[in-house]
Amino acid sequence: MHELTEQIVVITGSARGIGFAIAQRFASALATVIIIDLNAELVDKAVKSLRDQGGKAFGYIGNVTDGKMIEELFAQIVKEHGPIDTLVNNAGVTRDNLMLRMKEEEWQLVMDINLKGTFICTQKVFKHMMKARQGSIINIASVIGLMGNAGQANYAASKGGMIAFTKSCAKEFSSRNVRVNAVAPGFIETEMTAALSEDVRASYAKVIPLGKMGTPDDVAKVCLFLASEFSSYITGQTIAVDGGLTMH
Amino acid sequence: MDIEAKVKQIVMDKLGVEEAQVVPAANFIEDLRADSLDTVELVMAFEDEFGLTIPDEDQDKLRTVGQAIDYLKEKLG
């Protein structure tokens, strides 16, 4: 459906998990996919896998918390591939702990990667997008940022922050035709949730109106929509991909 | 190319205005219809072109074409 031929799409933290599913979707939509992740081996593997499926993919090592590195990396990507049409801020981590047990380092690491990393990549990519007078920035938040979760105060704060950040950027960048939206996945089948017991998974499924967990591709399809012309009048929104969990 | 000519060229490119409008007294926002993002873009373009950093507190001093030229001449002089 949504073809993104000739489009350059940069996805952070995309060597595996939801990020990789997003990369796969964009690759099958004929976009040029730029994978950024920390681990060289995983990046190579992801790029190879996309190319084996016939996709146009390139990999770069990058740390989203390092502003200078990201600035240089984006300049290099623009030089080698052309203007960046879409940025997906996907890189993120969890360091779960109950509040009373949470260490400052656990708080800080999650804020640095999830929130500061999103700030850095957005700022650096906007420099290019404002010149091009077009672009789409997609922030991968979480339903936890909307509803909170015991044991995830740091993660919830970072994801709630990303949602508010999305709205501010959407207002600030609107005059340059750069749209900014967030996607809030609910319970998605990933390595993270695969570790949960059958009982826990069944109890999650019970509270989800659609009665099952989502797949990474469910999230990826919404990203594709937000990158395409089909969402040309949508900015500043947070779209929950959660089987109806957070409807209100 | 001298500083004045380079500044005028940048202003014309960034704001899409004619050379005749880019006079020293022209105020970027009031006369050349720049918005707040345009003024940031102009400052960044000056920084790139002339290889210097313009601190945030100095950006308010660059409201007209003439002020920008004088500021850059002083810094680069």
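Residues numbered from 1 in each chain as written. Chains lettered and ligands numbered in written order. Predicted model: local features only at pLDDT ≥ 70, side-chain atom pairs only at ≥ 80, totals over all residues. Heavy atoms only, no water.

S.K.: Help me understand the side chain of Asn97 of chain A in this model?
M.R.: All names here are of chain A. Checked against the element boundaries, Asn97 lands in the loop between strand S4 (86–89) and helix H4 (104–132). Of the polar contacts made by the side chain of Asn97, one reaches the side chain of Glu106; its length is 3.1 Å. Every residue in contact with Asn97, bar those within four places of it in the chain, is listed here: Met102, Lys103, Glu106, Gly151 and Gln152. (Helix = DSSP H or I, 4+ residues; strand = E, 2+ residues; numbered from the N terminus. Polar contact = N/O pair within 3.5 Å; in protein donor to acceptor, adjacent residues only side chain to side chain. Contact = heavy atoms within 4.5 Å.)

S.K.: Which parts of the structure should I look at to understand the environment of Arg133 of chain A?
M.R.: The topology assignment puts Arg133 of chain A in the loop between H4 and strand S5 (135–140). When the C-alpha atoms of Arg133 of chain A and Ser174 of chain A are compared, they prove to be 9.7 Å apart, with 41 residues separating the residues in sequence. Apart from the residues lying within four places of it in its own chain, the contact partners of Arg133 of chain A are Arg176 and Asn177 of chain A together with Asp38 and Glu41 of chain B. Side-chain polar atoms of Arg133 of chain A contact the backbone oxygen of Met130 of chain A, separated by 2.6 Å.

S.K.: Would you mind showing me how to read unusual backbone geometry here?
M.R.: Generally, phi is negative for residues other than glycine and the peptide bonds are trans, each holding for most cases. All names here are of chain A. Phi is positive for Glu6, close to 70 degrees, though the residue is something other than glycine. With phi around 60 degrees, Asn177 is a residue other than glycine that occupies positive phi space. Among the secondary structure elements, Asn177 is positioned in the loop between helix H6 (153–173) and strand S6 (178–185).

S.K.: Looking at this structure, I do not really get the pattern of salt bridges. What am I missing?
M.R.: Close approach of charged atoms allows side chains of opposite charge to pair. One pass over the structure, following the stated rule, counts 17 salt bridges over all chains. Two residues, Glu71 of chain A and Lys124 of chain A, come together in a salt bridge whose shortest N-O distance is 3.6 Å. With Glu71 of chain A in helix H3 (residues 67–81) and Lys124 of chain A in helix H4, this pair connects stretches of sequence that are 53 residues apart. Accessibility expressed as a relative area gives 32% for Glu71 of chain A, which makes it partly exposed. Its relative accessible area of 13% is what places Lys124 of chain A among the buried residues. Notably, a salt bridge pairs Lys221 of chain A with Asp218 of chain A, separated by 3.7 Å at the nearest N-O pair. Placement of both Lys221 of chain A and Asp218 of chain A in helix H9 (residues 216–227) is noted, with a separation of three residues, approximately one turn of the helix. Classification of Asp218 of chain A as partly exposed rests on a relative accessible area of 29%. Linked through salt bridges whose partners overlap, the residues forming this network are Arg133 and Arg176 of chain A together with Lys14, Asp35, Asp38 and Glu41 of chain B. (Salt bridge = Lys/Arg side-chain N within 4 Å of Asp/Glu carboxyl O. Buried < 20%, exposed > 50% of the residue type's maximum accessible area, 1.4 Å probe, protein only.)

S.K.: Is there a simple way to explain the interface of chain A and chain B in this structure?
M.R.: By a frequent convention, interface size equals the accessible area lost on bringing the separate parts together. The partner chain B presents six residues to the eight residues of chain A that form the contact. Of all residues in chain A, the largest losses of buried area upon contact with chain B belong to Met130, Lys131 and Arg176 of chain A, amounting jointly to 61% of the total for that side. Between Asp38 of chain B and Arg176 of chain A there is a salt bridge, and its shortest N-O distance comes to 2.6 Å. Broken down by element, the side of chain A that touches chain B gets its largest block of residues, four residues, from H4 of chain A. Per-class residue counts for the side of chain A that touches chain B are two nonpolar, one polar and five charged. (Buried area = accessible area lost by both parts, 1.4 Å probe. Nonpolar A, V, L, I, M, F, W, Y, C, P; charged D, E, K, R; others polar.)

S.K.: Looking at this structure, how should I read the environment of Ser175 of chain A?
M.R.: Inspection of the secondary structure assignment puts Ser175 of chain A in the loop between H6 and S6. Along the backbone, Ser175 of chain A and Gln134 of chain A are 41 residues apart, and their C-alpha atoms lie at a distance of 9.8 Å. When neighbours within four sequence positions are excluded, Ser175 of chain A is seen to be in contact with Asp35 and Leu37 of chain B. One polar contact links Ser175 of chain A to Arg176 of chain A, side chain to side chain, over a distance of 2.9 Å.

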